[in-house]
Amino acid sequence: MKRLNQIPTVELLHNRAVYDSYYAENTIDGWDTEDKFYNFAIMGNIAIYAGFPLRGASILDVGCGTGDLIHFLRKYGFREYLGIDIYGPALAMARKKYPNERFLQTD
């Protein structure tokens, strides 16, 4: 796995430019709330159909953005959560919204 300091600068700059444009439009991760929760509900159904219960599960949320998956997961009773993202402003917002969860800036 590459660390942030191993990602080519051009990739980091491109990623930051994309997310900075979302941030400027007040949609820090490019998703509106309706789309987020629609997709999260589908994910919950997939977990049920696959026989993978979320209750008591450890969740690794790669590309967590602002961490809003946590809100959805709470109704399933997950045990542990770790959110990973490379965009610092999104992680700052996630930490503010969900101070009891863990977030890591890496890729």
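Rules used in this analysis
Residues numbered from 1 in each chain as written. Predicted model: local features only at pLDDT ≥ 70, side-chain atom pairs only at ≥ 80, totals over all residues. Heavy atoms only, no water. Helix = DSSP H or I, 4+ residues; strand = E, 2+ residues; numbered from the N terminus. Buried < 20%, exposed > 50% of the residue type's maximum accessible area, 1.4 Å probe, protein only. Contact = heavy atoms within 4.5 Å. Areas by Shrake-Rupley, 256 points an atom, 1.4 Å probe, with all protein chains shown as cover. Pairing = 2+ DSSP bridges. Axes fitted to C-alpha atoms, helices over the stretch in contact; angles between N-to-C directions. Core = buried A, V, L, I, M, F, W, Y, C linked by side-chain atoms within 4.5 Å.

## Quick word on the overall build of the chain
- Regarding its fold elements, the chain presents four helices and three strands.
- From first element to last, N terminus to C terminus, the chain shows the α and β order α-α-β-α-β-α-β.
- Each of the 107 residues in the chain was classed as buried or not, and the buried ones make up 33%.
- Residue pairs in contact within the chain that sit at least 24 positions apart in sequence constitute 43% of those at least 6 positions apart.
- As displayed, the chain offers around 7100 Å² of accessible surface, 56% of which is attributable to carbon and sulfur atoms.

## A closer look at the sheet that holds strand S3 (residues 102–105)
- Reading across the sheet, the three strands line up as S1-S2-S3 and stay open at both edges, with parallel pairing between neighbours. Both edges of this open sheet fall to strand S1 (58–62) and S3, since each of them pairs with a single strand only. Averaged over all pairs of adjacent strands, the angle between strand axes in this sheet comes to 15°, irrespective of strand direction.
- As paired elements, strand S2 (residues 80–85) and S3 share four bridges and run parallel to each other. Of the residues in S3, the one forming a bridge with Ile84 is Leu104.
- Sheet strands in contact with helix H4 (residues 88–97) are S2 and S3, and its direction is about 170° off that of S3.

## Description of the nonpolar core
- Core analysis: the biggest nonpolar cluster contains 17 residues, and Ile59, Leu73, Tyr81 and Phe103 have the highest contact counts within it.
- Mapped onto this core, the elements with two or more residues apiece are helix H2 (33–49), helix H3 (69–73) and H4.
- In terms of residue count, the dominant contributor to this core is H3 (four residues).
- The residues contacting Leu73, other than those within four sequence positions of it, are Met43, Leu54, Ile59, Phe78 and Tyr81.

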